[in-house]
Every structure is written in structure tokens, then in C-alpha cells.
Amino acid sequence: MAPIFVAELTDSQLWCHNLRTRLFGFTLSWEKQLKRAHRCGEVSVGGSMRIWGDDNPWKPVEIMMHVVHHPQMDRHGVHKHFTSLPKPLSISDIMAASDDSAKVRISYKGIPGSYSEDAALKAYPNCETVSCSDFEEAFKAVELWLADKVILPIENTSGGSIHRNYDLLLRHRLHIVGEVQLATNLSLLALPGIRTEYLKRVLSHSQALDLSDDFLTKLGVARENVDDTAGAAQIIASNGLCDAGAIASIRAAEIYGLNVLAERIQDDSEIICRYLVLAKDPIIPKTDKLYKTSIVFTLDEGPGVLFKALAVFALRDINLTKIESRPQRNRPLRVVDGSNTGTAKYFDYLFYIDFEASMTEPRAQTALGHLQQFATFLRVLGCYPIDTTI
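About the criteria used
Residues numbered from 1 in each chain as written. Predicted model: local features only at pLDDT ≥ 70, side-chain atom pairs only at ≥ 80, totals over all residues. Heavy atoms only, no water. Core = buried A, V, L, I, M, F, W, Y, C linked by side-chain atoms within 4.5 Å. Buried < 20%, exposed > 50% of the residue type's maximum accessible area, 1.4 Å probe, protein only. Helix = DSSP H or I, 4+ residues; strand = E, 2+ residues; numbered from the N terminus. Contact = heavy atoms within 4.5 Å. Pairing = 2+ DSSP bridges. Axes fitted to C-alpha atoms, helices over the stretch in contact; angles between N-to-C directions. Phe/Tyr/Trp six-rings, centres within 6.5 Å; stacked < 30°, edge-to-face > 60°. Lys NZ or Arg CZ within 6 Å of the ring centre and 35° of its normal.

## Remarks on the nonpolar core
Nonpolar side chains tend toward joint burial in soluble globular proteins.
Then step 1. Of all hydrophobic cores here, the largest spans 95 residues; its most connected members are Ile151, Leu278, Ile295, Phe297, Phe313, Phe355 and Leu371.
Then step 2. With seven residues, strand β13 (residues 271-279) is the single largest residue contributor to this core.
Then step 3. Once residues lying within four places of it in the same chain are set aside, the contact partners of Phe297 are Ala309, Tyr349, Leu350, Phe351, Ile353, Leu371, Ala375, Phe377 and Leu378.

## With respect to the sheet that holds strand β14 (residues 291-299)
Then step 1. Taken together, four strands build an open sheet; the order of strands is β15-β18-β14-β19 and the sheet is antiparallel. Taken across any chain shown, the strands that pair with only one partner, and hence form the sheet edges, are β15 (320-327) and β19 (375-385). With direction set aside, neighbouring strand axes in the sheet form an average angle of 15 degrees.
Then step 2. Looking at chain direction, β14 and β19 are connected through nine bridges and run antiparallel. Each residue of the ladder has a partner; that of Tyr291, found in β19, is Pro385.
Then step 3. Against the sheet, helix α11 (residues 305-314) makes contact with β14, β15 and β18 (349-355), and its axis sits at roughly 160 degrees relative to β14, the strand it touches most.

## Thoughts on the packing of aromatic side chains
Then step 1. Here the structure, examined in full by the defined rule, presents four aromatic pairs.
Then step 2. Aromatic side chains Phe313 and Phe355 sit 5.0 Å apart centroid to centroid with 40 degrees between the ring planes, which places their arrangement in the tilted category. Highlighted residues: Phe313 in helix α11 and Phe355 in strand β18, separated in sequence by 42 residues.
Then step 3. For Phe313, a relative accessible area of 0% puts it in the buried group.
Then step 4. Among the aromatic residues, those joined into a cluster by ring pairs are Phe297, Tyr349 and Phe351.
Then step 5. Geometry around Phe135 places Lys109 over its ring, the cationic atom sitting 5.6 Å from the centre.
Then step 6. Here Lys280 stacks its cationic end above the ring of Trp145, 4.8 Å away from the centre of that ring.

Next up, the structure:
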């Protein structure tokens, strides 16, 4: 007979799991089974258990529960004593797991000194950063338990949204647990002793080069694209390039032993980049902070359908802070057969929305319940604290 997994739940833990159920749509059919199994003395091995929702994207992912082991149990399942039981998890334990001061591993795209790593260190000053070659690898690091969280640039005030990164939010089953706003200071770096007039070329990421167009035009240097701003600094330092400069962060200059020839060389005086922090498990919203919720959904073709979708928030005084649309990659076109006008082809869009409300608020739950009535697909990407610092 297969072992039966049982979770010992305190009142506070049941509150926690019930809250997650209200937030993310889990059913609690397993709760009665657990209580029955506990009464019968059927307890299995220790560790952690995940209870999964169904495949409906509106009913998300997993619930972590404490699974206890009674090694001193007779062959009929009768407990001998309980002194060796581990202490059950409490709501305070779960809250502590999301503490910003805790030691966590954050994966990011790039090498040490990149702006993504700067954002990770701003959000989690005591974190250990995990360098990855691309965003896909950074996400997989979390999925394979090699990192606790991944940080992802999603938009900036100069270049707008980073559209390809929106696709990663849907492709991977991670949850947004935080956001970081970072002021970007583009600096010109070079080897010690090298002056600006000695430079014949400048290396950096293509976007950093574009954002510094006026400065580089006046400088009259050639531009060379590399994968990462910090990578440009590393190339100059490791190869001893005396005729080349790099556009990167001041921290990259410190790491690779370069001098800062000029700061804030970007065309716009201030560039703010917004990053998302994602993890395998969602967080439980608290009441001491302002929260934001991110969702993605699809709609059928028809007049006013997008207006109806947005109206569910306006009717409940919920402020929308971000609206983004992306064609579906696996079904880019939708063919519609009109009775009078014949067939027509439309882009089939995914709509990403951020709104200022916590999933613990009844108005947010009601709005999403209303939206679900006519959305063909709906998924909550995360509910997380708003970053109000720059």
C-alpha cells in the first residue's frame, strides 16, 4: 500500500493555507483527507509536500506544507509518543522566508558588475548573486533550485518595455514576488592612465550605446556591441585595450580595475529601469505595504471587448499602472469568419496588466472574478510590494 502523506496544521497554518486558497483559487478537497488520515494515524515520511492545482492557469501552482514523520509508530499505525516530532511551521516562519534581510541566491543575466546585479543587491543587500549567460538560464536556475529568485529587467523610462522578457513570464511557472526600480548611471570607463582623447572605440551593450548617442557622437569614436555592459569592462581589462573605453556601471569599474572618465553620459538626464523579482512560490501579502498585482489574459475578438476588460477595474476604483500587449507566439493570427464581410485575420494578443491592489482586497478578487467571466485565458503572475524608492 502506498504511504499516505499527512500535514500537521496549526490554526495559524490553516489560516495561511486558506488565505492562499482565496488568493489563488485552490480547492481544499485535500484538507478533509488529511484530517481523516491524521485521525487514523496514517503518517508518512518527513519532508515537504506540494499540493498542486489543476491545469487551469487561473488556479496556480503549489502550497508548501510541513510533513511530519513518526518513526516510533507500530505496524498498525498507532503512535507511541510525540516527543521527537519537529516543530510545525507557523505563519511567522513563512513570513520570515520572504524577509529581505535573509541570505538568498539571486540569478541574473550577465556577469558581476552588471546593472541587473546592482538591482539584485539593492533589493537584497545580503544576497549571493548567480551569474547566468542569458535570461532563460537565469529562470532555469530557480526551477532547478540552484537559486532562490531571479531578477528580470522589464522596462525603462527611455527604451520602454523589454518585450521578449514578457514572454518569459508566461513561459515559466514562476511568481513575481517583488519589483526594483534602479536609477541607471551610464559611465565611460577605461584603463588607468588612459584619457578620453586616446579612445578610438567604445564597447557596450547596444542599448547603452543608443542611450549615449549624443555623447559618443561628440566624442567621435567607433561603437562596438557586446552582450553585457559589465562584459565590455571585462574585455578591456582582460585584454589591456588602451584605445577602447566601455560604457558600464561605476561598480563594474571597481570590479575590473578601470578608471571612470565620465559619469551620466546618457542622453536623458535620468533613466529608471524597473526589474521584477520572481520565485517558485508566491508570497502572502502583508498589510504594512502597498501592493501591486500583475496578470496576463486573452480575449475573444469583438467590439468593445478590451473596454469591458479594463472596465472591471475602473468600476472598483483600481488604478492600472501598466498595460502591455504581446502577440501569442504559438498562435500569432486568429481567423474570424464574418457573416457579411467574409474571413479576416487578426493578431491574437496577450494582455499584461499591473494594477495597484493586493489580492487580499475583496475589490481585487471581485474584479478578477468578473474578468474571468469573459477572458478566454487568465493567469495571476504575482502580487508583490510596490517599490517606491529610486
